[in-house]
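# Coordinate inspection notes
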Amino acid sequence: MDEEYDVVVLGTGLTECILSGLLSVEGKKVLHMDRNDYYGGDSASLNLTQLYRKFRPDQSPPSELGRDRDYAVDLVPKFIISSGELTEILVHTDVTRYLEFKQIAGSFVYRDGRISKVPSTEMEAVKSPLMGLFEKRRAKKFFEFLQSWKDDDPTTHQGIDLDRDSMKTVYEKFGLEPGTQDFIGHAMALYLDDDYITKPARPAYNRIVLYTSSMARYGKSPYIYPLYGLGELPQSFARLSAIYGGTYMLDKPIDDIVTDADGNFVGVTSAGETVKAKMVIGDPSYFGAGKETQGGKIRTVEEGKVVRAICLLKHPIPGTDESDSCQIIIPQNQVNRRNDIYVAMVSSTHNVCAKDVYIAIVSTIVETNKPEQEIQPGLNLLGPIYDKFVEVTPLYTPTSDGRSDNIFITRSYDATSHFETVVEDVQDVWKRVIGTDLVLKKREVEVQE
């Protein structure tokens, strides 16, 4: 390992793989290593044997679940917003040629003890039990206001300044009920909590418009999902990197991250050999996560931890019109919490499990010392659960931007049900490493009906 690289990337999570792909395209000489023998790191998709080995090392998967290779179970459940930032990166890099996407059948929201579909058409909105007749009129005016807004045309502003006025002010102007605010803020703008309400309305406006434009793109729901699971995403970016000369090494234990006397990055030691590079990018687990954090490179974020329960079902989730896939959001106010609970379900139509098996993953940010009890409202919606695997994972973020020592650390995957925050992290690390903003070209993505 005498040659020197521009960048060593540690961990094959989606964030790291996108960065190594983009840096390779940029002409950087990239070496990418992972201690696991599979792609995806914390965002991998596991087959049945890997799943049971991870959660129950002493138990083999039951034979009635079918063949090992039929499974690709996501460790971190997230859907892709069809008009979102990740779609733009996939299209910009042409990684879409390695992937096939299928739509998620529906998005649902939990309210007053039952789940209702988030309306995807004018007709569904009129019939929706989420709002009464007068409230529907007010909501219609609210959405018309958002859709007709033009920054440079004050006649469309109705006296509102999105950069100054809070979202609370906007809701109040249209007289929207708390339940409707809940549904808009959490099921459409996809906020995890209610902090956004008192802040300027612009980011919420952008999020709602993104949701409605994604909804309009393919109908039914704003989400798409790759066939064979989310683990396909990091692998596709790894291919991109390889085409541009990137080198990949799986199953490589990382013994040491080598720094000089001033603490600047020099290289990475694996199995007694040290490879030199100008900088390192890696996920938090390579920088002391789980033990005393190495030289204070990472810290736990305020939210602390995420709890996720991977549930194997023999039926679709009741009350979702027999959907083969869906997202259900349980807004925090409905269950007296500070953070929302998310349910994501996929099935054999996405090539991630055997026929007649459904994979539902329930997740939220931990607020008490009994995490599993916190996701109970989500588990209650699933009907009989064939088997379940629960994991609580700490959330880490870097303590510095990496510019001073050339050690650039990514963030842990949060509890959101989409990839927008992952892309924010990619853009953030890119800017710290390259010094300029990441600029993307727009094209279209093909989705299977």
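Keep in mind it's a predicted model, so treat the numbers as computed, not measured. (Residues numbered from 1 in each chain as written. Predicted model: local features only at pLDDT ≥ 70, side-chain atom pairs only at ≥ 80, totals over all residues. Heavy atoms only, no water.)

### Re the overall build of the chain
Of regular secondary structure, the chain possesses twelve helices and 19 strands. For 449 residues, the compact-globule formula gives about 22 Å, and the C-alpha radius of gyration of the chain, at 22 Å, lands near that figure. Counting only C-alpha atoms, the chain reaches 70 × 60 × 45 Å along its principal axes. Out of the 449 residues belonging to the chain, those deemed buried represent 56%. Total accessible area on the chain is roughly 19,300 Å²; 47% of this is exposed by carbon and sulfur atoms. Side chains of the chain carry 51 positive and 67 negative charges; the gap between the two charge centres is 3 Å. (Helix = DSSP H or I, 4+ residues; strand = E, 2+ residues; numbered from the N terminus. Rg over C-alpha atoms; globule rule 2.2 N^0.38 Å. Buried < 20%, exposed > 50% of the residue type's maximum accessible area, 1.4 Å probe, protein only. Areas by Shrake-Rupley, 256 points an atom, 1.4 Å probe, with all protein chains shown as cover. Lys, Arg positive; Asp, Glu negative; His and termini not counted. Charge placed at Lys NZ, Arg CZ, Asp CG, Glu CD.)

### A closer look at the packing of helix H1 (residues 14-25) against helix H9 (residues 232-243)
At their nearest, the axes of H1 and H9 sit 8 Å apart, and the two run at 20° to each other. Here H1 is positioned roughly parallel relative to H9, judged by the angle of their axes. At the point where H1 passes H9, the crossing takes the left-handed sense. In this structure, H1 contributes Leu14, Cys17, Ile18, Ser20, Gly21, Ser24 and Val25 to the contact, and H9 contributes Leu233, Pro234, Phe237, Leu240 and Ser241. When grouped by side-chain class, the residues that make up the contact of H1 with H9 number eight nonpolar, four polar and no charged. (Axes fitted to C-alpha atoms, helices over the stretch in contact; angles between N-to-C directions. Parallel < 35°, antiparallel > 145°, perpendicular 65-115°, else oblique. Left-handed = near helix turned anticlockwise from the far one by under 90°. Contact = heavy atoms within 4.5 Å. Nonpolar A, V, L, I, M, F, W, Y, C, P; charged D, E, K, R; others polar.)

### As for the layout of surface pockets
In this structure, the largest pocket spans a volume of roughly 730 Å³. Lining the largest pocket are 30 residues; nearest its centre among them are Leu192, Glu303, Asp414, Thr416 and Thr421. Going through the elements one at a time, helix H8 (202-218), strand E14 (298-313), strand E18 (387-398) and helix H12 (420-434) are the ones with two or more residues in the lining of the largest pocket. With four residues, the top contributor of residues to the lining of the largest pocket is H12. (1 Å grid on protein atoms, 1.4 Å probe; cavity = no way out; pocket = protein on both sides within 12 Å on 5 of 7 lines; lining within 4 Å. Points joined across faces, edges and corners; volume = space filled by probe spheres on them.)

### Points about the domain arrangement of the chain
Splitting the chain by domain gives domain 1 (4-42 + 231-302 + 396-434), domain 2 (50-105 + 303-395) and domain 3 (118-218). In this structure, domain 2 and domain 3 have C-alpha centres spaced 27 Å apart. Taken together, the contacts link 15 residues of domain 2 with 14 residues of domain 3. At the boundary of domain 2 with domain 3, total buried surface from both sides reaches about 1,300 Å², with 49% on carbon and sulfur atoms. The largest per-residue losses of area from domain 2 upon contact with domain 3 belong to Ile81, Ser82 and Ser83, which jointly make up 31% of the total buried on that side. (Domains from an automatic or database assignment. Buried area = accessible area lost by both parts, 1.4 Å probe.)

### Looking at the packing of helix H3 (residues 85-92) against H12
Packing of H3 against H12 brings their axes to within 8 Å, and their N-to-C directions diverge by 60°. With respect to their mutual orientation, H3 and H12 come out oblique. Two secondary-structure elements touch here, H3 through Glu85, Leu86 and Ile89 and H12 through Glu420, Val423, Val426 and Gln427. Taken together, the residues of the contact of H3 with H12 break down into four nonpolar, one polar and two charged.

### Digging into the environment of Pro316
Checked against the element boundaries, Pro316 lands in the loop between E14 and strand E15 (326-330). Here Pro316 falls in the buried class, since its relative accessible area comes to 13%. Along the backbone, Pro316 and Arg338 are 22 residues apart, and their C-alpha atoms lie at a distance of 28 Å. Ignoring sequence-local partners within four residues, the contact set of Pro316 consists of Glu322, Ser323, Met345 and Tyr358.

### Quick word on the side chain of Thr397
With respect to the helices and strands, the residue Thr397 is situated in strand E18. Look at Thr397 and you get buried, because its relative accessible area is 10%.

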